[in-house]
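Descriptive analysis of the structure
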Amino acid sequence: MPGFELFGDLERKEVNDVLDNGVIMRYGFDGMRKGHWKAKELERELQDTFQSKHVQLVSSGTAAVSVALASAGVGAGDEVIMPTFTFVASFEAIMILGAIPVLVDIDDTLGLNPEAIAKAVTPKTKAIMVVQMCGSMANMEAIQNVANTHNLLVVEDACQAIGGTYKGKPLGSIGDLGCFSFDFVKTITCGEGGAVVTNSKDYYVNADHYSDHGHDHIGNDRGAETHPFLGYNFRISELHAAVGLAQVKRLPEFLAIQKKNFNIIREALSEIPEVTFRTVPEGGEESCAFLNFFLPDSETATKVSKAFTEGGIDACWNYYNNNWHYIRRWEHLKELKSLFPISKEVKEGLKYLETKTFEISDHYIARNISCLIKLSWTEKEVIARAEKMADIIKRVLNK
Ligand SMILES: *Cc1c(COP(=O)(O)O)cnc(C)c1O
């Protein structure tokens, strides 16, 4: 991660195809577009990449999560269980539908804790939103069992785990619906974009219509299309899809580089006995977009994080003190600072956040350091970086 590091001729060629005919919208204008349907082509590619029968491209990963939930009928007053450690998009995508995010603890996978999910289920629970954070995954088998027991939908946010697999299946293809982001910093990028993947024809048709004002996309006259139900506009443009089309063809190359760089750093750190790594569930293969490790206590993690910054080791984070990815700093959510009135149901549904603490999540996140694995490093740079990281950690531990 991220794919933009390696932009090149392929991206330019795909974008120029679109600019040459001027049709930068994904639907309609059949006569003008000289056979270029970049969004459709990218959807076909992604069916193979994510081994899913159906793919609907949308305007962002946040839109993908919201469209996925809407397509499966999640809405006003429904509760959606989600992890405390994720990107803010997770609760945004739930709340835009009038549904209620129910935050629960993670475990040492850095994904949802199956026991915490089971405890949080109420008669209002509709779905479990699993977020595959930092290139790896939650314990999917245990989570599927909880979902089956309570008859809940599983929506899998794999925005940060493009290319990871679980028991041979691509992450994102395991739940009832999967969501991807192709924003500027993801493993493959469109600039802005996202995708909903599913094996359900019904969910797919819903996502296709809902993300384009409810248009039924039957025939080739947009003006004559009917609206079987209400929708909004979460469309991707042809220009964005063109960039993604070039990038997805390079995904195997990106993943190979990530893995190589990841292994060099992991090996160097694994020689330090105090360093432990996140648990990857049995049958899981990380995408290697990030390397996540734990230090013995939060104090050491804070010190190492600071020493990394001072020592020129960029792109490593201790998420405990991060505004974007952990419940601790989401005051705007806890205090419901909304520009517009929020429904009574959601207000009441979120009251628990005023007082609830998440000790188990704190236990993992406060000791964790998450390092981005870049694609543009040379082998020499990675080796030097790995040695420097190990030296810094040892120095902090020995003080
Ligand atoms: C990036 C990301 C999103 C949102 O994607 P955007 O395309 O930026 O809207 C959602 N969930 C996770 C876990 C992400 O990392």
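Below you will find a few notes about this structure. (Residues numbered from 1 in each chain as written. Predicted model: local features only at pLDDT ≥ 70, side-chain atom pairs only at ≥ 80, totals over all residues. Heavy atoms only, no water.)

Things to note about the packing of aromatic side chains
- The full count for this structure, using the stated rule, is 11 aromatic pairs.
- On the numbers, 3.7 Å between centres and 10° between planes, the contact of Phe50 with Phe180 is stacked. Residue Phe50 is found in the loop between helix H2 (38-49) and strand E1 (54-58), and its partner Phe180 is found in strand E8 (residues 177-181); the two are separated by 130 residues along the sequence.
- The exposure class assigned to Phe180 is buried, which follows from its relative accessible area of 0%.
- Look at Trp317 and Tyr319: their rings are 6.3 Å apart centre to centre, the planes differ by 25°, and that puts the pair in the stacked class.
- An aromatic cluster is present here, built from Phe85, Trp317 and Tyr319 joined pairwise through their rings.
- Taking NZ or CZ as reference, Arg266 lies 4.0 Å from the ring centre of Phe277, over its face. (Phe/Tyr/Trp six-rings, centres within 6.5 Å; stacked < 30°, edge-to-face > 60°. Helix = DSSP H or I, 4+ residues; strand = E, 2+ residues; numbered from the N terminus. Buried < 20%, exposed > 50% of the residue type's maximum accessible area, 1.4 Å probe, protein only. Lys NZ or Arg CZ within 6 Å of the ring centre and 35° of its normal.)

Examining the pairing of strand E12 (residues 290-294)
- Taken across its 5 residues, E12 has 5 buried, putting it largely inside the fold.
- The alternating pattern of E12 places Phe290, Asn292 and Phe294 and Leu291 and Phe293 on opposite faces, both of which are buried.
- Pairing of strand E10 (residues 276-277) with E12 involves 2 bridges; the strand directions are antiparallel. Bridge pairing in E12 links Thr276 to Phe294.
- In the sheet, E12 pairs with strand E14 (residues 368-372) via 5 bridges, with the strands oriented antiparallel. Bridge assignment links Phe293 to a residue of E14, and that residue is Ile369. (Pairing = 2+ DSSP bridges.)

What about the sheet that holds strand E11 (residues 284-285)?
- Taken in spatial order, the 3 strands line up as E7-E6-E11 in an open sheet, and their pairing is antiparallel. Edge positions in the sheet fall to strand E7 (169-170) and E11, since each of these pairs with one other strand and no more.

A word on helix H10 (residues 298-310)
- Taking 1.5 Å of rise per residue, 13 residues should cover 18 Å, and H10 covers 18 Å from first to last C-alpha, within 8% of that figure.
- Thr300, Ala301, Val304, Ser305, Ala307 and Phe308 are the residues of H10 that are buried. Viewed end-on, H10 has its buried residues packed into an arc of 165°, placing them on one side of the element. In H10, the exposed residues that point more than 90 degrees away from the buried face are Glu299, Lys306, Thr309 and Glu310.
- Check the buried side of H10 and you find it contacts E12, strand E13 (316-317), E14 and helix H14 (379-398). (Expected span 1.5 Å × (residues − 1). Arc of directions from axis to C-beta. Contact = heavy atoms within 4.5 Å.)

Quick notes on the environment of Ala76
- Looking at the secondary structure, you find Ala76 in the loop between helix H3 (61-71) and strand E2 (79-83).
- The sequence separation of Ala76 and Asn318 amounts to 242 residues, and the corresponding C-alpha distance is 35 Å.
- Filtering out sequence-adjacent residues up to four positions away, Ala76 remains in contact with Leu97, Gly98, Ala99 and Glu345.

In short, the description is geometric, and any link to function would need to be established separately.
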